[in-house]
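Notes for the structure review
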Amino acid sequence: MQTEQNILTGLNDKQLEAVTLPNQSALILAGAGSGKTRVLTTRIAWLIQTGQVSPMGLLAVTFTNKAAKEMLTRLTAMLPINTRGMWVGTFHGLCNRLLRAHHREAGLPSTFQILDTADQLSAIKRVMKAMNVDDEKYPPKQVMGYINSCKEEGLRAHQVEAYDAHSQKLREIYEAYDAQCNREGVADFAELLLRSYELLERDARIRGHYQSRFRYILVDEFQDTNRLQYLWLKLLAGQENSLFAVGDDDQSIYAFRGARVGNMADFQRDFAVQNIVKLEENYRSHSNILDAANAIIAHNKDRLGKNLWTSAGKGEPVRVYEAYNDTEEAQYIVDEISMLHREGIELGDIALLYRSNAQSRILEHALFTANLPYRVYGGLRFFERAEIKHALAYMRLIANANDDTALLRVINFPARGIGARSLEQLQEAAQQQSCSLWQAAVNKVGEGKVGGKGLDGFVGLIRHMVDQAYGISLAETVELATTLSGLKAHYQNEKEGEDRIENLDELVTAAVAFTNQDFGNHHNVDEELDLMTQFLNHASLEAGEHQAEVGREALQLMTVHAAKGLEFHTVFISGLEEGLFPHEQAAYEHGGLEEERRLMYVAVTRARQRLYLSYAQSRMLHGQVRYGIASRFLDEIPDSLLKRLNSRAAPKPYSSVSVAPASSGYPFKIGQSVRHAKFGEGVVVSYEGNADNLVIKVNFGREGMKSLAMEYAKLEKI
DNA sequence: CGACGTCCCCTTTTT
DNA sequence: GGGGACGTCG
């Protein structure tokens, strides 16, 4: 078959082996830059082309919408097939689809809304208020974390163990929160998964249907799956079907949000995996970069074992720069980038990475001053913006006025004289009548109760909107919601409202685009769900592009996490200091350091040709000057791969604060590197106490910050 | 109701 | 240092 040869052309032996494995469960350990996505999509294309499965008979799961889209794009480029109706998507997207199709069996209204993180948090706050829980003792964010991690473990409130008063209270809140969600007909992200898992588990008919349909299940980024996702896959696979899992344990960087690398080992056992293929040939980086990455990751004990290699040459050495402070580091980076740019490297092909978002500010400042165009990834996304959420809340109310979350968001925005007191009364009334806030409001207005002026207006407004929205297009509905509500007028009067108006206009555009795309696309599967519900779902599940698109003519700034899956000609990794990268918080979590190291591994393997690693002797952190020492990850790279560049600029101490008195009683200057017999190398941070009882504070990096009595501490200068 | 002040905290993030 | 949340005052 000629076309078959076409799609398999150019694969290396291992890739070919993975793509053409027999129909048995398989684990593909795909190292960074080893052609993972290509293997996954070619496998799908090959299965379809050789007639082993129809496009409808396979299920492909990814973590991000971007990855799902990418897969479909590549697939259609390989095969002239119609991807409509294919089950390719994110865990959440697929679960949503499942729940929409079987909402009755799942105990949800057909128009159930999806709560995003912000909605969920406010829902939790509401529950806690109704229960009179002290939010000092139970910070809502922590409660949310608790609830989500329970759900991600597959546990309902009644299944969670609670050994003390505190955890019992948490469990109680969890239970009440779930009850509230059920009452309001909404589901948070974790709920989508748990609910569909329970549905499949409980309903043998539905389970059987999907099990016999999806003979082939393929999972991307398998190392990032959490317990519940794994259980879900297992349930769907049943006894008959095969699971084709692609992942890289060395790139597991999401344990902090519930990812379980252990799923890879469980998978091998539970599915009696015979086929394990390692893709170790890297097509991205030169060997100096790759060897550095290998050397770093070799320090982790908990690995399945894999070593990347390349047939490309050594390439350039890895450059390491030691700066005096953070501003000087930023300046150096900017100068280098300007130079590279002059030499013809596209700015869009250069990435500037950091461990935490807070670090971007100082870099941005330097870039701005140097007039270098850059783009920062991270921060608020389109559908998460306040004005967009307000507009969507009005639309949600048009669809279903009993949506309390939506109602609370906009009942007094723009302000219409419904203050905290009237709201409280409304909530009481709703509780007494055990109905939604909207129902309670309608009743109040009907009774002609005093104090309902604003309420009267609101009820009238929503009713009017529902009337007007009948039979008009989606885009027109957006238009209507933003004007009748007074949102637009409100922002027009605001000084800084221009951007917001623009965003609201863009929402109309998004609605038009969604409508057009929808007519060509998956119409059959989403049944008769109305377009607006679909659009609102889309808004929750796909909050807008977050990850970088390569090829833009601007320097790319992002966290290391955000850089996963991308590659650049040149990569700068900044802030390589103990406490920052590896982050000090990580030291307290078990396995934290290994995860930081994997993060470093991911960062290093983003670079094709040139890699810069930099750190600063001191930096402003939380409004204080902090003296740090070089990250241990730098020590883990063999010197033979490195080229060390040290700052030649004169040390510029921070003029504002000079904590250290310059007098003779202080043997070491602040910032001086010292050695201690037990703690090793460190940096002097400050002095405390008086001359009689002088305490010196030293940052020993991995040993932590120590306060030592000057009299006894045996420190020597290095 | 909104403007302004004060306090507190402060990884990483997708859906 | 700086953003977000909350509280007070005009």
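Scroll up a little and you will see the structure.
Residues numbered from 1 in each chain as written. Chains lettered and ligands numbered in written order. Predicted model: local features only at pLDDT ≥ 70, side-chain atom pairs only at ≥ 80, totals over all residues. Heavy atoms only, no water.

1. A look at the overall build of chain A
For chain A, the count of helices and strands is 28 helices and 21 strands. Principal-axis analysis of the C-alpha atoms gives chain A an extent of 80 × 75 × 55 Å. Expressed as a percentage of its 718 residues, the buried residues of chain A come to 53%. For chain A, the share of sequence-separated contacts (at least 6 apart) that also reach a separation of at least 24 residues comes to 74%. Summing over all exposed atoms, chain A offers an accessible surface of approximately 32800 Å²; the carbon and sulfur share of this is 48%. Mean positive and mean negative side-chain charge positions of chain A (79 and 91 charges, respectively) differ by 2 Å. (Helix = DSSP H or I, 4+ residues; strand = E, 2+ residues; numbered from the N terminus. Buried < 20%, exposed > 50% of the residue type's maximum accessible area, 1.4 Å probe, protein only. Contact = heavy atoms within 4.5 Å. Areas by Shrake-Rupley, 256 points an atom, 1.4 Å probe, with all protein chains shown as cover. Lys, Arg positive; Asp, Glu negative; His and termini not counted. Charge placed at Lys NZ, Arg CZ, Asp CG, Glu CD.)

2. Section: the nonpolar core
Leu-59, Ile-217, Trp-232, Leu-233 and Phe-267 are the most contacted members of the largest nonpolar core, which has 61 residues in total. For this core, the element with the most residues is helix 12 (residues 227-237), which contributes 7 residues. Among residues more than four places away in sequence, those in contact with Leu-233 are Val-61, Phe-91, Ile-217, Val-219, Phe-222 and Leu-243. (Core = buried A, V, L, I, M, F, W, Y, C linked by side-chain atoms within 4.5 Å.)

3. Remarks on the packing of aromatic side chains
Taken as a whole and judged by the stated rule, the model has 20 aromatic pairs. Considering the side-chain rings of Phe-383 and Phe-535, the 6.4 Å spacing of their centres and the 80° angle between planes classify their relative orientation as edge-to-face. Highlighted residues: Phe-383 in the loop between strand 11 (374-376) and helix 17 (386-399) and Phe-535 in helix 25 (residues 531-541), separated in sequence by 152 residues. For the pair shown, Phe-383 and Phe-535 are each scored as buried. Arranged with centres 6.3 Å apart and planes meeting at 45°, the rings of Phe-413 and Tyr-491 form a pair that is tilted. On the criterion of sequence distance, the pair formed by Phe-413 in the loop between helix 18 (404-410) and helix 19 (420-432) and Tyr-491 in helix 23 (residues 487-493) is long-range, its members being 78 residues apart. Taking the relative accessible area as the measure of exposure, Tyr-491 reaches 3% and is therefore buried. Following the ring pairs from residue to residue traces out a cluster consisting of Phe-222, Tyr-230, Phe-267 and Phe-271. When the ring centre of Phe-112 is taken as reference, the NZ or CZ atom of Arg-100 above it lies at 3.6 Å. (Phe/Tyr/Trp six-rings, centres within 6.5 Å; stacked < 30°, edge-to-face > 60°. Lys NZ or Arg CZ within 6 Å of the ring centre and 35° of its normal.)

4. Things to note about the pairing of strand 8 (residues 275-279)
Side chains of strand 8 alternate between two faces, with Asn-275, Val-277 and Leu-279 buried and Ile-276 and Lys-278 left unburied. Inspection of the sheet shows strand 1 (residues 26-30) paired to strand 8 by 5 bridges, in the parallel sense. Residue pairing in the sheet places Leu-27 in a bridge with Ile-276 of strand 8. (Pairing = 2+ DSSP bridges.)

5. Some thoughts on the pattern of salt bridges
For the structure shown, the criterion picks out 45 salt bridges. Across the salt bridge formed by Asp-188 and Lys-151, the nearest N and O atoms sit 2.8 Å from each other. In this pair, Asp-188 is assigned in strand 5 (residues 186-188) and Lys-151 in helix 8 (residues 140-152), connecting sequence segments 37 residues apart. No difference in accessibility class separates Asp-188 from Lys-151, as the two residues are buried. (Salt bridge = Lys/Arg side-chain N within 4 Å of Asp/Glu carboxyl O.)

6. What to know about the sheet that holds strand 2 (residues 58-62)
Strand order across the open sheet formed by 6 strands is 3-2-6-7-1-8, with parallel pairing between neighbours. Each edge of the open sheet is held by one strand with a lone partner, namely strand 3 (87-90) and strand 8. The average angle at which neighbouring strand axes cross in this sheet is 15°, direction not considered. As paired strands, strand 2 and strand 3 are joined by 4 bridges and run parallel to one another. Among the inter-strand pairings, Thr-62 is bridged to a residue of strand 3, identified as Thr-90. Contacts from helix 3 (residues 36-49) reach strand 1, strand 2, strand 6 (216-219), strand 7 (242-247) and strand 8 within the one sheet, and its direction differs from that of strand 7 by about 160°. (Axes fitted to C-alpha atoms, helices over the stretch in contact; angles between N-to-C directions.)

7. As for empty space enclosed by the protein
Scanning the model with the defined rule gives 3 cavities of 30 Å³ or more in all. If you add up the space inside the largest cavity, you get close to 70 Å³. Surrounding the largest cavity, Glu-577, Glu-578, Gly-579, Leu-580, Arg-619, Leu-621, Arg-626, Tyr-627, Gly-628 and Asn-699 form its lining. If you list the elements that add at least two residues to the lining of the largest cavity, you get strand 14 (607-621) and strand 15 (624-627). (1 Å grid on protein atoms, 1.4 Å probe; cavity = no way out; pocket = protein on both sides within 12 Å on 5 of 7 lines; lining within 4 Å. Points joined across faces, edges and corners; volume = space filled by probe spheres on them.)

Function cannot be inferred from these measures alone, as they are strictly geometric.
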